[in-house]
Amino acid sequence: MAGHAELQASRPVPDADVISQRRCLVTDITLDNDGVRLAASVDGPPDGEPILFLHGLSLSRDTWQETGGRLKDRYRVWTLDFRGHGHSDRAPSYALADYVSDAETALGAIGRPAVIVGHSLGGCVAGVLAQRGDANVRAAFLEDPPWYLGQPGEWEKSAFPKLFSIVSARQAAWQQARAPLGTYLAFLADSPTPMGGIGRDHYGSRHLLSHASALQRQDGRCWADGNVATSVLAAIPIEREFLCPVRIVQADPGCGAALLEDHDARFAHDNPHADIVRYEGCGHSPHRSIAFEQRFAADLQAFLSNLQPE
């Protein structure tokens, strides 16, 4: 269900000299998905190959600032806030199909074949779109998607039930109390992580600020009262084959990954042409991890460079 794009007042339009140098300032836009207003941003040359970045649960499009910044000289970089996240509208429903329709709205606005890069929930959405053979989906790059956590017994094996319970409870209390951004920021910076140490040991100040802002804005109903596995992830058609080039980045199962120890083998069995790489010692968010963000960017760039020209 593709919507239309409506330009918002944002940064100045670049002058002719800037355009001639194939540079473009980032522009914020609004997309309409059947009455749900979705916030998105566009950067890079108008004739650049399009890439759509999709964030994970409790994050926002702002999480892709660094990754997109590395690509914007050559590629047309699109980032999207899912419903209930960032600057997008809250909505009546947060099922997998709803998030997929949000991405389809963005693809409709892009209007030509795009590579989709998705983290966590965004990776599941990208994967579902890669299964459909849609002409607007050229390839997909999936960052530690919780692909099998909707299957019976799998969710409980991961770190997410406890993590989601803690974060959603804190968020609900702080939103009701209208807590300042600093409250969210201190929580993220000082909380223990599955990688050892605390948040500030693994994530830079910009990414911590981005996540804090996203948590402050997020609709708490996106947590589905702790039932994300059954309300969202169980709807993933896990046995369907991908119909376009796909690379999967798996975080370390010992460090809080969403793809658990045997999940990479299941992926390989169901999709023998998909490329799977594991980041040993890395937690669930390689693209924003101090120790792994450069490797993630390099792997993404290599994937993009190896795609057959349109």
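Residues numbered from 1 in each chain as written. Predicted model: local features only at pLDDT ≥ 70, side-chain atom pairs only at ≥ 80, totals over all residues. Heavy atoms only, no water.

Q: So what exactly am I meant to see when it comes to the overall build of the protein chain here?
A: A tally of regular secondary structure across the protein chain gives 11 helices and 9 strands. Rg of the C-alpha trace for the protein chain: 18 Å, near the compact-globule value of 19 Å for 310 residues, within the 12% margin. Its C-alpha atoms put the protein chain at 55 × 50 × 40 Å along the principal axes. When burial is assessed residue by residue, the protein chain has 54% of its 310 residues classed as buried. Taking as baseline every contact in the protein chain between residues at least 6 positions apart, the subset at least 24 positions apart corresponds to 72%. Carbon and sulfur atoms provide 52% of the accessible area of the protein chain, an area that totals close to 13500 Å². For the protein chain, the distance from the average site of its 28 positive side-chain charges to the average site of its 38 negative ones is 4 Å. (Helix = DSSP H or I, 4+ residues; strand = E, 2+ residues; numbered from the N terminus. Rg over C-alpha atoms; globule rule 2.2 N^0.38 Å. Buried < 20%, exposed > 50% of the residue type's maximum accessible area, 1.4 Å probe, protein only. Contact = heavy atoms within 4.5 Å. Areas by Shrake-Rupley, 256 points an atom, 1.4 Å probe, with all protein chains shown as cover. Lys, Arg positive; Asp, Glu negative; His and termini not counted. Charge placed at Lys NZ, Arg CZ, Asp CG, Glu CD.)

Q: Where do I start with the state of the cysteines in this structure?
A: Two cysteines, two sulfur atoms, one covalent bond between them: this is a disulfide. All chains considered together, the criterion is met by 0 disulfides. C255 supplies the cysteine sulfur nearest to C282, a cysteine that is in no disulfide, at a spacing of 7.7 Å. (Disulfide = S-S within 2.5 Å.)

Q: So what exactly am I meant to see when it comes to helix α10 (residues 263–270) here?
A: Along an α-helix, a turn takes 3.6 residues, which lines up residues three or four apart on a common side. Among all positions of α10, only H263, D264 and F267 are buried. An end-on view of α10 places all buried positions within 105° of arc, on one side of the element. (Arc of directions from axis to C-beta.)

Q: Honestly, the environment of T63 in this entry has me stumped. Any pointers?
A: Inspection of the secondary structure puts T63 in the loop between β4 (49–54) and α2 (65–71). Among the residues examined, T63 registers a relative accessible area of 1% and is labelled buried. Between the C-alpha atom of T63 and that of T79, which follows or precedes it by 16 residues, the distance is 9.2 Å. Those residues within four positions of T63 in sequence are excluded, and the remaining contacts are H55, R206, H207, S210, H287 and R288.

Q: For this particular structure, what's the right way to read the pattern of salt bridges?
A: Opposite charge on two side chains makes pairing possible when the charged atoms of those side chains draw close. Inspection of every chain in the model, using the stated rule, returns 20 salt bridges. With its nearest N and O atoms 2.5 Å apart, the salt bridge here joins R247 to D275. Of this pair, R247 sits in strand β8 (residues 246–250) while D275 sits in strand β9 (residues 275–278), and the two are 28 residues apart along the sequence. Its relative accessible area of 15% is what places R247 among the buried residues. A relative accessible area of 33% places D275 in the partly exposed class. The shortest N-O distance in the salt bridge between R295 and D299 comes to 3.9 Å. One end of the pair, R295, and the other, D299, are both in helix α11 (residues 293–305), 4 residues apart, so they sit about a helical turn from each other. Three or more residues joined by partner-sharing salt bridges are found here, namely R247, D275, R295 and D299. (Salt bridge = Lys/Arg side-chain N within 4 Å of Asp/Glu carboxyl O.)

Q: How should the packing of aromatic side chains be read in this particular structure?
A: The way to describe two aromatic rings as a pair is by their centre distance and the angle between their planes. Taken as a whole and judged by the stated rule, the model has 17 aromatic pairs. Judged by centre distance (4.8 Å) and plane angle (70°), the ring pair of F164 and W223 falls under edge-to-face. Within this pair, whereas F164 is found in helix α5 (residues 160–176), its partner W223 is found in the loop between α8 (205–217) and α9 (228–231), the two being separated by 59 residues in sequence. Residue F164 is classed as buried on the basis of its relative accessible area of 14%. Sitting above the plane of the Y203 ring, R288 keeps its charged end 4.7 Å from the centroid. Its end group placed over the ring of Y279, R295 keeps NZ or CZ at 3.9 Å from the ring centre. (Phe/Tyr/Trp six-rings, centres within 6.5 Å; stacked < 30°, edge-to-face > 60°. Lys NZ or Arg CZ within 6 Å of the ring centre and 35° of its normal.)

Q: Teacher, can you tell me more about the pairing of β4 here?
A: Where a strand is regular, its side chains alternate between the two sheet faces. Counting buried residues along β4, 5 of its 6 residues qualify, which places the element largely inside the surrounding structure. As judged from the 6 bridges shared by β4 and strand β5 (residues 75–80), these two strands associate in the parallel manner. Bridged to I51 within β5 is V77. At this point the chain moves from β4, through α2, to the parallel β5, and the crossover so formed is right-handed. Note: β4 against strand β6 (residues 114–119), 4 bridges, orientation parallel. Bridging across to β6, L54 finds its partner in G118. (Pairing = 2+ DSSP bridges. Right-handed = clockwise from strand over helix to strand, strands pointing away.)

Q: Sorry if this is basic, but what is going on with unusual backbone geometry here?
A: Apart from glycine, the bulk of residues carry a negative phi angle, and the bulk of peptide bonds sit in the trans form. Even without a glycine there, the phi angle at D144 is positive, about 40°. Mapped onto the elements, D144 comes out in the loop between β7 (137–143) and α5. On the basis of relative accessibility, which here comes to 0%, the residue D144 falls in the buried class.

Q: I would appreciate a short explanation of the side chain of D219 in the present structure.
A: Note on placement: D219 falls in the loop between α8 and α9. The buried category is assigned to D219, whose relative accessible area is 4%. Polar contacts involving the side chain of D219 include one to the side chain of Y94, which spans 2.7 Å. Those residues in contact with D219 that lie beyond four places of it in its chain are G84, R90, A91 and Y94. (Polar contact = N/O pair within 3.5 Å; in protein donor to acceptor, adjacent residues only side chain to side chain.)

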